[in-house]
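# Overview (structure and organization)
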Amino acid sequence: MNRELSKKSNIKRPKRPTKRGLRKKVFLKRKRRKFIFRRFFLVAICLSVVFLFFFGIHFSLSKFFTIKNISVQGSSSYSDAEVISAGELHTKQNLLFLNSKKAENKIYTSLPNVDEVKISKKFPNNLIISLEDAIPTYHLKIENEYIVISAKNKFLAKFSEPPDNTVGLIGIEAEIKENGKVEYRNPESLKLMEEILNTLRSKEIENINEVDISDLQNITLKYENRIKINIGSQDDLDYKILTLKEILNNKISKTERGTLNLKDLKTQNRTYFTYE
């Protein structure tokens, strides 16, 4: 009996916390809570300041840069109201936040006879829409139809027969995109076609009905639907076109029909005209 009591008496019991220790724990807990609260309060103040700052900027910008006037320039095909409506533009929109490119694309796509659109912001309150009307300039064949395109390659119309008063582009493939833009599949062919057309334009040669680059060694032009012109390759193009101008103005009458060969102009220094 005594032994058992002695064993129990050797067991250590946990000490009860003193009043001083309890006060210290309570103090530390309160201090920790105050610290967390102060940090939270400080973060909340900072976020509030940032929010108020950006809200103030947004409010100021929306108030001072509201569109009050929209003007349309350069179009003879559409009224101002039609153009503005196509771009989904209106007064009270914010000039600063307006997506000009998106509005330009809407106008270009919605109005077939518009070849180019440019929207300019004139701060603080004015919006200017500048347009260029599409003029039927070229035609080319896609599948079994002839499509008419503008000088800046916008699709305008389609016909079952080659249309008059436009230049036929032969030997170049293209497709019509959803926005009405004509996209050429071969960049090199497009570059050559543009070089020929620009050279003709620079030499003031008009009344060209057709440019055919399907055979790059025998590029041909058709003039006034009565003279076929073989300029050979694109080599010495400027010299050949300059010679062509001289021949058309001074060597061939207004009624003669046939084929003019400039292919050997540079190598043999001679030209041929075969009458029909």
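These numbers come from a predicted model, not from an experiment.

### Concerning unusual backbone geometry
For the bond from Phe 123 to Pro 124, the omega torsion is 15°, close enough to zero to count as cis. Summarising the element assignment, Pro 124 is placed in the loop between strand 2 (114–122) and strand 3 (126–133). Even without being glycine, Asn 165 reaches a positive phi, approximately 65°. As for its position among the elements, Asn 165 is in the loop between strand 6 (155–159) and strand 7 (167–170). Residues other than glycine seldom take positive phi values, yet Glu 224 does so here, at roughly 50°.

### Description of the side chain of Thr 166
By the secondary structure assignment, Thr 166 is in the loop between strand 6 and strand 7. Here Thr 166 falls in the buried class, since its relative accessible area comes to 10%. A polar contact is formed between the side chain of Thr 166 and the side chain of His 139, at a distance of 2.8 Å. For Thr 166, the residues in contact, after removing those within four places along its chain, are Pro 136, Thr 137, Tyr 138, His 139, Val 148 and Asn 209.

### Thoughts on the packing of aromatic side chains
Enumeration over the complete set of coordinates arrives at two aromatic pairs. Geometrically, the ring pair formed by Phe 65 and Phe 123 is edge-to-face, given 5.5 Å between the ring centres and 85° between the ring planes. Taken together, the positions of Phe 65 in the loop between helix 2 (19–64) and strand 1 (69–73) and Phe 123 in the loop between strand 2 and strand 3 put the pair 58 residues apart, joining distant regions of the chain. By relative accessible area, which is 46% here, Phe 123 ends up partly exposed. Across the ring face of Tyr 108, the terminal group of Lys 154 is positioned such that the distance to the ring centre comes to 4.0 Å. Positioned over the ring face of Tyr 239 is Lys 266, at 5.1 Å from the centre of the ring.

### Side note on the sheet that holds strand 2
Taken in spatial order, the three strands make up an open sheet running 1-3-2, and their pairing is mixed. Edge positions in the sheet fall to strand 1 and strand 2, since each has one partner strand and no second. Shown here is a sheet whose adjacent strand axes are inclined to one another by a mean of 15°, direction ignored. Pairing of strand 2 with strand 3, which is carried by eight bridges, proceeds in the antiparallel orientation. If you follow Val 117 over to strand 3, its bridge partner there is Leu 131. Sitting on the sheet, helix 4 (residues 100–110) touches strand 2 and strand 3, and the angle it makes with strand 2 is about 150°.

Definitions and cut-offs
Residues numbered from 1 in each chain as written. Predicted model: local features only at pLDDT ≥ 70, side-chain atom pairs only at ≥ 80, totals over all residues. Heavy atoms only, no water. Helix = DSSP H or I, 4+ residues; strand = E, 2+ residues; numbered from the N terminus. Buried < 20%, exposed > 50% of the residue type's maximum accessible area, 1.4 Å probe, protein only. Polar contact = N/O pair within 3.5 Å; in protein donor to acceptor, adjacent residues only side chain to side chain. Contact = heavy atoms within 4.5 Å. Phe/Tyr/Trp six-rings, centres within 6.5 Å; stacked < 30°, edge-to-face > 60°. Lys NZ or Arg CZ within 6 Å of the ring centre and 35° of its normal. Pairing = 2+ DSSP bridges. Axes fitted to C-alpha atoms, helices over the stretch in contact; angles between N-to-C directions.

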